[in-house]
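Residues per chain, in single letters:
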Amino acid sequence: MSDAASIRDNAAAVRARIAAACARSGRDPAEVTLVAVTKVFPADYVEQAIAAGIADIGENRVQEARDKKPLVRGSARWHLIGHLQSNKAKDAVRLFDVIQTVDSLDLAQKIAHAAEAAGKRQEVLLQVNIGNEEQKSGAERADVPALVKTLRGIDALDLRGLMAIPPVGAAEETRPYFRELRALRDRVGVEQLSMGMSEDFEAAIEEGATIVRVGRAIFGSRG
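Residues numbered from 1 in each chain as written. Predicted model: local features only at pLDDT ≥ 70, side-chain atom pairs only at ≥ 80, totals over all residues. Heavy atoms only, no water.

Draft legend 1. Structural context of the layout of surface pockets. Considering only enclosed or pocket space, the largest pocket measures out at about 510 Å³ in volume. Around the largest pocket, the lining is made up of 23 residues, and of these K39, M197, S198, E199 and R216 lie nearest the centre. Residue composition of the lining of the largest pocket, by class: nine nonpolar, seven polar and seven charged. (1 Å grid on protein atoms, 1.4 Å probe; cavity = no way out; pocket = protein on both sides within 12 Å on 5 of 7 lines; lining within 4 Å. Points joined across faces, edges and corners; volume = space filled by probe spheres on them. Nonpolar A, V, L, I, M, F, W, Y, C, P; charged D, E, K, R; others polar.)

Right, here's the structure in full:
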């Protein structure tokens, strides 16, 4: 089977799994955005995903998107889903429709400054360190309400929701973290909830995810 056919079939299978998870939890599949994670995959894979009906593309690194995006002819919304260094804020604003990994006020202000200079209102999510893991980026849970309030007051930012990467584990082990992030989202009154990846996106949907970030289930393994 060609790469294009494989990506098309895998994308259809992932959509079917999203629909089934929504059915189990009484949700409309239209509420869930599928972001295809294309890190380490070349531009032609991105084009094949777009041809298969994927409308949202996720990249982990600004540099990879900088090199890859100009080679992609198809239209999609690009999401930054990896850690953003503050010195790359200008490039991130130029390259991405959504920055999902805002994890501090300092970074938010640098993104806002770059967005103002570009005449853009940048869509962002606030990343939460939901598992309190030292090696992971993200705002502390206790700081989220105050950060949300502050970010809402920055005109150049459009804060849409929360994002998290829970501790590694089986789907049922990550479910409590998904539930906790949803409760936090509801508490601060934002709309979007980006959580769940190839291994656990169905559990994330059942717990309220509105955005899932799926790579291997669409593109397979690489490297």
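Right, picking up where we left off after that structure.
Draft legend 2. Up close: the packing of aromatic side chains. Summed over all chains, the structure comprises three aromatic pairs. Consider the rings of Y45 and F219, whose centres lie 6.3 Å apart with planes at 40°: the pair is tilted. Of this pair, Y45 sits in helix α2 (residues 43-51) while F219 sits in helix α9 (residues 216-219), placing them 174 residues apart in sequence. Under the relative-accessibility criterion, F219 is labelled buried at 8%. (Phe/Tyr/Trp six-rings, centres within 6.5 Å; stacked < 30°, edge-to-face > 60°. Helix = DSSP H or I, 4+ residues; strand = E, 2+ residues; numbered from the N terminus. Buried < 20%, exposed > 50% of the residue type's maximum accessible area, 1.4 Å probe, protein only.)

Draft legend 3. Looking closely at unusual backbone geometry. The backbone phi angle of V40 is positive, close to 70°, even though this residue is not glycine. Within the secondary structure layout, V40 lies in the loop between β1 (33-37) and α2. The phi dihedral of N132 is positive, around 50°, even though this residue is not glycine. Following the sequence through the fold, N132 ends up in the loop between β5 (122-128) and α6 (144-152).

Draft legend 4. Expanded view of the side chain of D103. Within the secondary structure layout, D103 lies in the loop between β4 (98-102) and α5 (105-118). One buried charge, D103, has no salt-bridge partner; the nearest side chain with opposite charge is K110, at 11 Å. For D103, the residues in contact, after removing those within four places along its chain, are H83, L126, Q127, S137, G138 and A139. (Lys, Arg positive; Asp, Glu negative; His and termini not counted. Salt bridge = Lys/Arg side-chain N within 4 Å of Asp/Glu carboxyl O. Contact = heavy atoms within 4.5 Å.)

Draft legend 5. Here's a closer look at the packing of helix α1 (residues 3-24) against α2. The contact between α1 and α2 brings their axes to 9 Å, and the two run at 45°. In terms of orientation, α1 lies oblique with respect to α2. As for the relative orientation of α1 and α2, their crossing is right-handed in sense. Along the contact surface, α1 presents D3, A4 and I7, while α2 presents Y45, Q48 and A49. (Axes fitted to C-alpha atoms, helices over the stretch in contact; angles between N-to-C directions. Parallel < 35°, antiparallel > 145°, perpendicular 65-115°, else oblique. Left-handed = near helix turned anticlockwise from the far one by under 90°.)

Draft legend 6. Representation of the side chain of S198 in the model. As for its position among the elements, S198 is in the loop between β7 (192-194) and α8 (201-206). At 3.2 Å, the side chain of S198 and the backbone nitrogen of G215 are in polar contact. Engagement of the side chain of S198 in a polar contact is seen with the backbone nitrogen of R216, the distance being 3.2 Å. Sequence-distant contacts of S198, that is, excluding residues within four places in its chain, are made with R17, R213, V214, G215, R216 and A217. (Polar contact = N/O pair within 3.5 Å; in protein donor to acceptor, adjacent residues only side chain to side chain.)

Draft legend 7. Focus on α2. Burial runs high along α2: seven of the nine residues are buried. Residues of α2 that are buried include every one of A43, Y45, V46, E47, Q48, A49 and I50, and no others. Looking at the buried side of α2, the elements it contacts are α1, β2 (56-59), α3 (62-68), β3 (77-80) and α9. Where α2 ends, the next residue or the one after it, G53, has phi of about 100°, a positive value.

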